Every structure is written in C-alpha cells, then in structure tokens.
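Single-letter residue listing:
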Amino acid sequence: MNFALALAWPQPLDPLHNVALSAVAAVIPLVVVLILMGVLRKSGLLASACGLASAGILALSVWGMPGKLALWSVIYGLAYAVWPILWIVFTALWLYNLCCDTGKIELLCRWMEHHASGDACIQAILVAFCFGSLIEGTAGFGAPVAMTAFLLVGLGFQPRRAVVVSLISNTAPVAFGSLGIPIVALAGVTGLNVLKLAAMVGRQIPLLSLILPAYLALVVGGGKGLRRCWPTALVAGGSFSLAQCLVSNWWGPYAADIIAALTSIAALTAFLQIWRPKAQNLTDGRSSDGPPGAARVFLTRGVAFAGWLPWALLSAVMVVWSYLRLFQKGQIAIPVPHLHNEILITLYQKPYAALYSFQPLAAGTAALVTAVLTALFIRAKPGVFFSSGKKTFQQLRLPGLTVMLIVGLAYLYNYSGMAYTLGAAVARVGRGFPLVSSYLGWAACFLTGSDTASNLLFGNLQVAAARQLHLNPLLLAATNCTGAVTGKMISPQNIAVGVTTVSLIGEEGSVLRGTFWHSVLLAGMISVLAYAQAYWMGWMVP
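Quantities reported herein were computed from a predicted structural model and do not represent experimental measurements.

Asker: Which residues make up the environment of Pro 473, and what are the values?
Answerer: With respect to the helices and strands, Pro 473 occurs in helix α19 (residues 473–485). Classification of Pro 473 as buried rests on a relative accessible area of 15%. Spatially, the C-alpha atoms of Pro 473 and Trp 311 are 34 Å apart, while their sequence positions differ by 162 residues. In this structure, Pro 473 is in contact with Leu 192, Val 463, Ala 466 and Arg 467, ignoring residues within four places of it in sequence.

Asker: Tell me about the sheet that holds strand β4 (residues 350–351), and please be specific about residues and values.
Answerer: Read across the open sheet, the three strands follow the order β1-β3-β4; overall the sheet is mixed. The sheet terminates laterally at β1 (9–10) and β4, the two strands that pair on one side only. By the bridge criterion, two bridges tie strand β3 (residues 343–345) to β4 in an arrangement that is antiparallel. Considered in β4, the bridge of Ile 345 is made with Lys 350.

Asker: Could you give me a rundown of the packing of helix α9 (residues 181–190) against helix α10 (residues 194–201), with the residues and numbers involved?
Answerer: Each pair of packed helices gets described by two things: the angle between the helix axes and the distance between those axes. Packing of α9 against α10 leaves a shortest axis separation of 9 Å and a crossing angle of 125°. In this view, α9 runs oblique relative to α10, as classed from their interaxial angle. The crossing of α9 and α10 is right-handed. Along the contact surface, α9 presents Ile 183, Val 184, Leu 186, Ala 187 and Thr 190, while α10 presents Val 194, Leu 197, Ala 198 and Val 201. Residues that form the contact of α9 with α10 fall into these classes: eight nonpolar, one polar and no charged.

Asker: Tell me about the environment of Trp 539, and name the residues and values.
Answerer: Mapped onto the fold, Trp 539 is located in the segment after α21 (508–535). Sequence separation between Trp 539 and Ala 261 is 278 residues; the distance between their C-alpha atoms is 27 Å.

Asker: Describe the layout of surface pockets, with residues and values.
Answerer: When its volume is computed, the largest pocket comes out at roughly 1,100 Å³. In terms of lining residues, the largest pocket is bounded by 47 residues, among which Ala 187, Gly 191, Leu 192, Asn 193 and Val 194 are the most central. Partitioning the lining of the largest pocket into residue classes produces 30 nonpolar, 14 polar and three charged.

Asker: Give a description of the nonpolar core that names residues and reports values.
Answerer: Ranked by internal contacts, the top residues of the largest apolar core, which has 179 residues, are Met 65, Phe 131 and Tyr 415. With 20 residues, helix α4 (residues 67–101) is the single largest residue contributor to this core. For Phe 131, the residues in contact, after removing those within four places along its chain, are Leu 108, Cys 109, Met 112, Leu 126, Met 147, Thr 148, Leu 151 and Ile 265.

Asker: How would you sum up the packing of helix α16 (residues 418–426) against helix α18 (residues 451–468)? Please name residues and give values.
Answerer: One can describe the packing of α16 onto α18 by two numbers: an axis separation of 8 Å at closest approach and a directional angle of 50°. Viewed along their axes, α16 and α18 adopt a mutual orientation that is oblique. Pair α16 / α18 crosses with right-handed handedness. Between α16 and α18, the contacting residues are Ala 419, Tyr 420, Leu 422, Gly 423, Ala 424 and Val 426 on the first element and Asn 460, Leu 461, Ala 464, Ala 465 and Gln 468 on the second.

Asker: Requested: an account of the pattern of salt bridges, with residues and values cited.
Answerer: By the definition in use, this model includes two salt bridges. A salt bridge links Asp 119 to Arg 228; the nearest nitrogen and oxygen atoms lie 2.6 Å apart. Linking Asp 119 in the loop between α5 (104–115) and α6 (120–138) with Arg 228 in helix α11 (residues 205–250), this pair joins segments that are 109 residues apart in sequence. Of the two residues, Asp 119 and Arg 228, neither departs from the other in class, the shared state being buried.

Asker: Just give me the short version of the side chain of Asn 414, but keep the residues and values in it.
Answerer: Of note, Asn 414 is situated in helix α15 (residues 382–416). With a relative accessible area of 3%, Asn 414 lands in the buried category. Within the local environment of Asn 414, its side chain forms a polar contact with the side chain of Asn 460, the two groups lying 3.1 Å apart. Setting aside residues up to four positions removed in sequence, Asn 414 forms contacts with Gln 11, Val 189, Tyr 352, Ala 419, Tyr 420 and Asn 460.

Asker: I'd like a rundown of the packing of aromatic side chains, residues and numbers included.
Answerer: Following the criterion strictly, the structure yields 19 aromatic pairs and no others. On the basis of an interplanar angle of 80° and a centroid distance of 4.9 Å, the ring pair of Tyr 76 and Tyr 411 is categorised as edge-to-face. Residue Tyr 76 is found in helix α4, and its partner Tyr 411 is found in helix α15; the two are separated by 335 residues along the sequence. Both residues of the pair, Tyr 76 and Tyr 411, belong to the buried class. Here a set of aromatic residues connected by ring pairs shows up, and it is made of Trp 83, Trp 87, Phe 90, Trp 94, Phe 358, Phe 385 and Phe 386. The cationic tip of Arg 431 hangs over the ring face of Tyr 535; the distance from NZ or CZ to the ring centre is 3.8 Å.

Asker: Summarise helix α8 (residues 159–169); cite the residues concerned and give the values.
Answerer: Extensive coverage of α8 is indicated by the burial of eight of its eleven residues. Considered for burial, the residues of α8 that qualify are Ala 162, Val 163, Val 164, Val 165, Ser 166, Leu 167, Ile 168 and Ser 169.

Asker: Account for the environment of Phe 385, with residues named and values stated.
Answerer: Inspection of the secondary structure puts Phe 385 in helix α15. Classification of Phe 385 as buried rests on a relative accessible area of 9%. Separated by 13 residues in sequence, Phe 385 and Val 372 have C-alpha atoms that sit 8.3 Å apart.

Asker: So what about the state of the cysteines? Which residues, and what values?
Answerer: Overall, the coordinates contain zero disulfides when judged by the stated rule. In this model Cys 99 remains outside any disulfide bridge; the closest cysteine sulfur is found in Cys 100, 7.0 Å from its own.

Asker: Residues and numbers for helix α12 (residues 256–272), please.
Answerer: One turn of the α-helix equals 3.6 residues, which is why residues spaced by three or four share an orientation. Helix length check: α12 (17 residues) gives 24 Å between terminal C-alpha atoms against 24 Å at 1.5 Å per residue, within 8%. Counting buried residues along α12, twelve of its 17 residues qualify, which places the element largely inside the surrounding structure. Of all the residues in α12, the buried ones are Ala 256, Asp 257, Ile 258, Ile 259, Ala 260, Ala 261, Ser 264, Ile 265, Leu 268, Thr 269, Phe 271 and Leu 272. Elements in contact with the buried residues of α12: α5, α6, α11 and α13 (301–323).

The rules behind these values
Residues numbered from 1 in each chain as written. Predicted model: local features only at pLDDT ≥ 70, side-chain atom pairs only at ≥ 80, totals over all residues. Heavy atoms only, no water. Helix = DSSP H or I, 4+ residues; strand = E, 2+ residues; numbered from the N terminus. Buried < 20%, exposed > 50% of the residue type's maximum accessible area, 1.4 Å probe, protein only. Contact = heavy atoms within 4.5 Å. Pairing = 2+ DSSP bridges. Axes fitted to C-alpha atoms, helices over the stretch in contact; angles between N-to-C directions. Parallel < 35°, antiparallel > 145°, perpendicular 65-115°, else oblique. Left-handed = near helix turned anticlockwise from the far one by under 90°. Nonpolar A, V, L, I, M, F, W, Y, C, P; charged D, E, K, R; others polar. 1 Å grid on protein atoms, 1.4 Å probe; cavity = no way out; pocket = protein on both sides within 12 Å on 5 of 7 lines; lining within 4 Å. Points joined across faces, edges and corners; volume = space filled by probe spheres on them. Core = buried A, V, L, I, M, F, W, Y, C linked by side-chain atoms within 4.5 Å. Salt bridge = Lys/Arg side-chain N within 4 Å of Asp/Glu carboxyl O. Polar contact = N/O pair within 3.5 Å; in protein donor to acceptor, adjacent residues only side chain to side chain. Phe/Tyr/Trp six-rings, centres within 6.5 Å; stacked < 30°, edge-to-face > 60°. Lys NZ or Arg CZ within 6 Å of the ring centre and 35° of its normal. Disulfide = S-S within 2.5 Å. Expected span 1.5 Å × (residues − 1).

Bear in mind that shape data such as this cannot, by itself, settle questions of function.
Here it is in structure tokens:
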C-alpha cells in the first residue's frame, strides 16, 4: 500500500501557497455555473459546459492534475450520470407521460377536485402539499408546481396566491425528489452510503413536513385559518412526516415521498369524512367567483381506482424492490481505469477510490417495471406506451446532457482536489459551520433550481468541511440536501414554471417577494436543527 501511495498523484491542498487565494481559485467553477444560471439566466447546458471547462483549466494549470486523471474523472462522472441518475429520471418521467397520454393523470386531478373541501386552507393542504408531493416523488422537474397551481386556480384561488402556495408546498418532498434522485446523486459525489444518507435526511426533513401544512394554513387564511383548520393540518403533516421518516430509514430514499404522499392523502380524506371546519371561508386567497370543486365533480369508484392505480403500483413495486434488496442483485463493481487509487487525498493521506457500481436493477428499472404493469392493467396500446417513451426521450435530450456535464464537473472538482481545498477553507468558520451548512444548499438550489444540482456542487464540500471540524460527514451532507429544499421556492426556474402555467408571465418579481422570507425562515429552522444534531442530539445521526 505504501508503494502504491508513493506512485499516486497527491492533491495539492493549497496550490497557490495562500489559503484564501487557493479557496478563491477553487470556487471559480461554482461561481461560473451559479452566475450563468441564476444571474444571467443562461441555459443549464451552457452554464454546466462553461463550469466544466473552467474546472478543467484550473485542474490542469493550478492544481497540476495530470491530463489522464482529469479525463477519466470526467468520464466516471458522465457514466454515473447516465446510470443510475438519468435512468431513474427517464423511467419515472415515462410513467408520468404514460399517465398523461392515457388520461389517468386527469382522473387523479378530478378526484382531487372532488375531495377538496370548500375551505381554502384545506384545499391548499390537500392539493398543493399532498398531491404536489406525490407528483414530486414521481416526476419532479417543475411538474408539481405547474399542476398544483393550475388546480388551485380551478378551485377559485387567485393566480398569484396559487403560485405562491404551490411553491411553498414544493419543499418537503424535494429532498428525496423523483425516486430518490437527489440522495443517489449525493451518495455518488460524496462516496457516502446511500441508505445512511437517506436515513439522515429522514431525520431532518420530516420536521419541515410536519409543520408545513399548518404553515400553509397560516399563509392562506392567517391566524383564523390556522385555528379553523389545525386538525386537518395535524393529520396531513403528522401522517406524511411519520411515513417519510419510517420509509427513508427502513427502505431507503426511492419511495419515501410516494408512500408519504399516499399515506397523507388517505389519512386526510378519511379524516374529512368525519370532521369539517365549523366555519368555512371560501374567499381566503381566492377569487370571489371561484367555484368550490366538490360541487362540480362526481366520480365513480371505478374512475377513482383508475386514477390511483399507477401510483399505487409504483409504491408497491418500490417497497418490494427495497424489501427484497433487488437493487444489489447483479451489481458489478468496475474499477475506473487510470483513476482508481491513483490519486492521494492529501487531506486524509489515503488513496481516492474510483469504483463504478453498475446496478442493472436500479430504481429506474423498478420504475420501468411499474410503467409496463400500468400499461398492462389499463390496457394501453403498445403504440401509446412506446409513444410515451419516445416523448420522454425527446424531453430529456437537453436536460439529460446538462445533467451529464454537471455531474462530470462535480467528479472533476472532487478528484482534482478543489473540493477539499474549499472545504478546508470554509471549515475555518469553526463551531458555527452547521448553521451555515443549510444556507449553502439553499443558495445553490436558489440559483440552479435543483436539489440534485445543489448536492452535486456542494455535497463533497460539506463532507470535507465536516471532516476538518471532526463532525459527522453524514450530518452535513444531509443538511446540504435538506437546506436546499427551502431554496427551491425562490429559484427563478421554478417560479417561471408556476407563472407560465397560470398566465402570470411578467409577475415573477411579485411571486418572488411572496416566497422569499418564507424561504429564509424555513432554511433557518433547518440550520438550527443541524446545529442541535451536531452538538446536542448526536443520537439522531445514524
């Protein structure tokens, strides 16, 4: 081993012989990506390409990384982006498009309208929080905000209020995202165990999930709305947070949001059969001529069953997949040539492993099985099934290339040593770093619009800082993911999706002002929780 270490290329921790200057140089690729996407509003493809190019130049010229190592670190990142990340995205979106093309998503929306109470606060909880979480757990990528904002307007909400409520709601499920993609990406870029990361996030985000329905009632109806509807908020938040915590800790990240959303919807609709608010307010945050949805829609049990079938199947398949540990079946560990153990992590004095784990039965495969089962049960024609797949491929061409480049950037950033240089610098914040950790994720998600991108950019930075401060890396990596969810409600990309759906183009600034301080407040709550877990409640860290 000593001979191997002697041959390995050592990452320079302070290549410019000045900690501050080295940190400034290390942050350049991140700043390039964030400014191009968040400030100049350039495409994610251009931003990620420029970020990768700048990282390559710095890795070769400043950090002195051999060209062969730089090339293979990027190739490693591209491979991980294709499988499992994009495979999960592709199959989950294929299922969603199949439901849209066969009308099943419309049936589900009609069911939501039918069961939404005439009370604005309860409508916000059921549609924006519960149903939005289900869509986030399967499709993600702006679909939850688009669909829930549209539904709320149909129920009588004013367009601006509908977008604001949808954006605030699209936080609690974002940490696990579409079939656990943010956690999978975070595990890949940090080298931490994906199940332990899911468990740690599952011991932070449920707190937000618990209070979010009550918070929505307060936003929509003020103090009177919260006093009127607190039982429904407690049922929705309590059932969602409990399911989210249990699933993420027992079965991993893949079905956490889906099962939590289904549990919350079932619990809330059952509760509304035996309890209703005494005084329903039909105008909180809604247009005066907005009709209550329950009076407009009638659904048979068969129609309701058809609308729910795909999502129930997806939940069942994911649970079975996790219970039988099918993810690991047939797994192949492939050492990346010219990279595996050929770099010395100077900060820890150990070789940097580069083992690509190919899982043929990854979460994406489970989603594909669900799509096939759904097509069989609803008797979709083969032409419709494959047409949905073709549409999905076309939708993901440019976003998929963007994901590949951003993951390639993240892997180059880590293997070159830039992440460790910056981590050593930010660790100088000292004992208060857990308070900052949440806001790093918040800022990255605000600018990129993605929890996954935030994890790829700052995940290993958090791990490096944690090890410098002798804190648990799982805690700070998870805090980056959890803190990022609060930044999504103010991201320009997410806001643009919402205002476009309800024909409010040009009102982005007004919507941002409506969500900004909510975002800051909720991020601060995550920071306080992370600090407590770091120093007072260490038993919560797996």
